[in-house]
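Notes for the structure review
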Amino acid sequence: TNALDGSIPAIAGAFTVLVEVLRALRPQLMEHVRTVWQSAHILKDAEAYWMIVMNAGRRFSLEEVRDVRTRDEHQAGDIVMALMHVADVVTHRASLAHIVPEDEGLLNLAVKFGISCSGRPFPNTLPLLKSDADWAQPESHIFVLDSDMDINSKIKKKAFCEPGNVTFCPPIAIVRDFILPAVGSFEINRKDENGGNKRYTTADELSADFASGAVHPGDLKPSVSRCVNELLEPVRQHFKSNGDAKKAAAAVSDQLKKMAKKKK
């Protein structure tokens, strides 16, 4: 929410983009997935939802809520938002919750409240990446809707890739966290005089070759770009042909452009 300056159309668009990306990448799986919008879910029984918000306010002290969610400039709003988060989790009766590390305290409030009310266990958590990235600088991030030219440019020009440095190497991290889980292998394309093509099935093997100098950044970067583009091509085609997906992506893009203008 904060990352998109609170724009409701952009926030809704971002979640629609997420769902449509999953449909493009795993269509068979998504046939069995039903998307529920929290706003619509609340309106089905708004009285019960706000009763949970009020009961959560009675259950926790002001200090407990402040400890997990306080921004000095919007303290009152943050307190209400934290209590609403409790109601969000409780009313959905979810078994799995996605969180960013800085919001773990919010989920803990919901878990405590839920257990105190029902005695049953509440959601397991699936951590997401940190949310404090500067989304107004899109050139510093790779997005699922980036064009092939965007991917090539960002990895070539922006991705830190010091020869032999495996302690911090974003291209290897992309292979480990994105390419290998998706397709099971990663191939370096290079000239015969540089060792020829080589296929990897583990990130450790790739890291060992990179650390020894057997793999050079000049070969690693374009190979990563090629694989990322191949994986994202079904997403691009889906967003070209699906009107709802295209509209959602435009809403997010327009908001990011507005935020970028504010930065100037």
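Computed from a predicted structure; not experimentally measured. (Residues numbered from 1 in each chain as written. Predicted model: local features only at pLDDT ≥ 70, side-chain atom pairs only at ≥ 80, totals over all residues. Heavy atoms only, no water.)

**Considerations on the overall build of the chain**
Each helix and strand counted, the chain has 12 helices and four strands in total. Across the 264 residues that make up the chain, the buried fraction comes to 34%. Here the contacts in the chain between residues at least 6 apart in sequence split such that 64% fall between residues at least 24 apart. As displayed, the chain has an accessible area near 16,200 Å², and 56% of this comes from carbon and sulfur atoms. (Helix = DSSP H or I, 4+ residues; strand = E, 2+ residues; numbered from the N terminus. Buried < 20%, exposed > 50% of the residue type's maximum accessible area, 1.4 Å probe, protein only. Contact = heavy atoms within 4.5 Å. Areas by Shrake-Rupley, 256 points an atom, 1.4 Å probe, with all protein chains shown as cover.)

**Notes on the packing of aromatic side chains**
Scanning the entire structure with this criterion turns up two aromatic pairs. Geometrically, the ring pair formed by Tyr-49 and Trp-50 is edge-to-face, given 5.2 Å between the ring centres and 90° between the ring planes. Consider the rings of Phe-160 and Phe-168, whose centres lie 5.7 Å apart with planes at 35°: the pair is tilted. The class for Phe-160 is partly exposed, based on a relative accessible area of 38%. (Phe/Tyr/Trp six-rings, centres within 6.5 Å; stacked < 30°, edge-to-face > 60°.)

**Examining the side chain of Arg-236**
Residue position: Arg-236 is located in helix 11 (residues 217-241). Residue class for Arg-236 comes out buried when judged on its relative accessible area of 12%. Excluding anything up to four places from it in sequence, Arg-236 contacts Asp-146, Ser-147, Asp-148, Ile-151 and Asn-229.

**Thoughts on the pattern of salt bridges**
For the structure on display, the rule yields seven salt bridges. Two residues, Glu-20 and Arg-23, come together in a salt bridge whose shortest N-O distance is 2.7 Å. Here the residue Glu-20 and the residue Arg-23 both occupy positions in helix 1 (residues 8-25), the gap between them amounting to three residues, near one helical turn. Glu-20 gets classed as buried once you look at its relative accessible area, which sits at 5%. We classify Arg-23 as partly exposed; its relative accessible area is 34%. Lys-198 is the partner of Asp-209 in a salt bridge, and the nearest nitrogen-oxygen pair spans 2.9 Å. One end of the pair, Asp-209, is in helix 10 (residues 203-212); the other, Lys-198, is in strand 4 (residues 198-200), and 11 residues separate them in sequence. In this structure Lys-198 comes out as partly exposed when scored by relative accessible area, which is 28%. (Salt bridge = Lys/Arg side-chain N within 4 Å of Asp/Glu carboxyl O.)

**Quick notes on the side chain of Ser-185**
Note that Ser-185 resides in the loop between helix 9 (170-183) and strand 3 (186-188). What makes Ser-185 buried here is its relative accessible area of 16%. With near-sequence residues (within four places) excluded, Ser-185 lies in contact with Ile-179, Leu-180, Arg-199, Tyr-200 and Thr-201.

**Some remarks on the confidence of the model for the chain**
Residues with a pLDDT of 70 or more make up 84% of the chain, whose mean pLDDT is 84. In the predicted structure, residues 125-132 sits below a pLDDT of 50 and forms 20 contacts with residues beyond four places in sequence or in another chain. (pLDDT = per-residue confidence, 0-100.)

**As for the packing of helix 11 against helix 12 (residues 243-263)**
At a minimum axis distance of 5 Å, the contact between helix 11 and helix 12 shows a crossing angle of 100°. With respect to helix 12, the axis of helix 11 lies roughly perpendicular. Where helix 11 approaches helix 12, its residues His-238, Phe-239, Lys-240 and Ser-241 are matched on the opposing element by Gly-243, Ala-245, Lys-246 and Ala-249. Split by residue class, the contact of helix 11 with helix 12 holds three nonpolar, three polar and two charged. (Axes fitted to C-alpha atoms, helices over the stretch in contact; angles between N-to-C directions. Parallel < 35°, antiparallel > 145°, perpendicular 65-115°, else oblique. Nonpolar A, V, L, I, M, F, W, Y, C, P; charged D, E, K, R; others polar.)

**Things to note about a nonpolar patch on the surface**
Where nonpolar side chains cluster on the molecular surface, the patch consists of Phe-15, Leu-18, Leu-22 and Trp-37 and spans about 390 Å² of accessible area. With respect to the element layout, Leu-22 can be found in helix 1. The exposure class of Leu-22 is partly exposed, given its relative accessible area of 38%. (Patch = residues over 30% accessible without salt bridge, like charges linked within 9 Å, V, L, I, M, F, W, Y side chains within 5 Å.)

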